[in-house]
Amino acid sequence: MTTTRTYGQFCGLARALEIVGERWSMLVIRDLVLGPKRYTDLQRGLPRIPASILSSRLNELEQAGVIRRRVLPQLDASLVYELTEYGSELDHILLDLGLWGARSLGHPKDDEVFTNDAAILSLYTTFQQEAAAGVHVTYVLRHHDSLIIHAMIDDGTLKVGSGDHPAADLVIEPQGPELIDLVNGQLTASEAMATGRVRIEGDFAHLELFTKLFRIPPKPELPDGLAFH
């Protein structure tokens, strides 16, 4: 086993948690889901991880067969980390877990960072494929000057990437944390525009469509008092 801490149980779930359940491991995998990255790229996407912990997690995940190191065939011969075929099987698990957690997010705290990779994954996580059937539209989201991503929807498929897109049908500029309110249904497209909490460049109908294409379902209500069965 790659770690000295085990649950001592012959169970697939226990073994999975032994491999990817250490602190930061799933966030390292999250960032590698989007493609190979250099060590410095991973540090940039996880600004609070100590270098020693990042190195440990990479070594553990490599020993477990989840990631591998590869030298790029370029002049600088950069070393990158990437998911193996085994590691890539975590992508849907990661998205499902991300959507489950998004139902408890609320608004970001002042000391919480929102990285480029997290922004990209948030769209994949909340994408409603059924609502996108027959839809052809491109969005650009500008959270601020240094965080710009685009999303292209083509008949039920989604492709998200960093940066602007010259043929965007709609540019969305939230003026704060309002984008999550649009996605979780706390704020309608009309309310967002009427209050100035979201600015757009393009047809308003595309903003209404956005709230259908990307959605965080509500968390079940907690019952009052004790539950009896």
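Because the structure is a prediction, the values reported are computed rather than measured. (Residues numbered from 1 in each chain as written. Predicted model: local features only at pLDDT ≥ 70, side-chain atom pairs only at ≥ 80, totals over all residues. Heavy atoms only, no water.)

Enquirer: Is there a simple way to think about the overall build of the protein in this case?
Expert: Across its full length, the protein carries 10 helices and seven strands. Each of the three principal axes of the protein carries a C-alpha extent, and together these read 65 × 55 × 35 Å. Carbon and sulfur atoms make up 54% of the accessible area of the protein, which amounts to about 13,700 Å² in all. Here the protein carries 21 positive and 31 negative side-chain charges, and the mean point of each set is 6 Å from the other. (Helix = DSSP H or I, 4+ residues; strand = E, 2+ residues; numbered from the N terminus. Areas by Shrake-Rupley, 256 points an atom, 1.4 Å probe, with all protein chains shown as cover. Lys, Arg positive; Asp, Glu negative; His and termini not counted. Charge placed at Lys NZ, Arg CZ, Asp CG, Glu CD.)

Enquirer: Can you help me understand the pattern of salt bridges in this one?
Expert: Oppositely charged side chains may form a pair once their charged atoms are brought near each other. Counting across every chain of the model gives 15 salt bridges. As a salt-bridge pair, Arg70 and Glu82 come within 3.0 Å of each other at their nearest N and O atoms. Of this pair, Arg70 sits in strand S1 (residues 67-71) while Glu82 sits in strand S2 (residues 79-83), and the two are 12 residues apart along the sequence. Overall, the relative accessible area of 10% leaves Glu82 in the buried class. Put simply, Arg142 and Glu173 hold a salt bridge, and the shortest N to O gap is 3.8 Å. In this pair, Arg142 sits in strand S3 (residues 136-144) while Glu173 sits in strand S6 (residues 170-174), placing the two residues 31 residues apart along the sequence. Given the relative accessible area of 22%, Arg142 is considered partly exposed. (Salt bridge = Lys/Arg side-chain N within 4 Å of Asp/Glu carboxyl O. Buried < 20%, exposed > 50% of the residue type's maximum accessible area, 1.4 Å probe, protein only.)

Enquirer: Just checking my understanding: could you explain the pairing of strand S5 (residues 157-162) for this structure?
Expert: As a general feature of sheets, a regular strand has side chains that alternate between the two faces. In terms of strand pairing, strand S4 (residues 147-154) meets S5 through six bridges, oriented antiparallel. Across the sheet, the residue bridging to His150 is Gly161, located in S5. Between S4 and S5, which pair antiparallel in sequence order, lie two residues; one of them, Asp155, sits at a positive phi of approximately 50°. (Pairing = 2+ DSSP bridges.)

Geometric descriptors of this kind do not, in isolation, establish any biological role.
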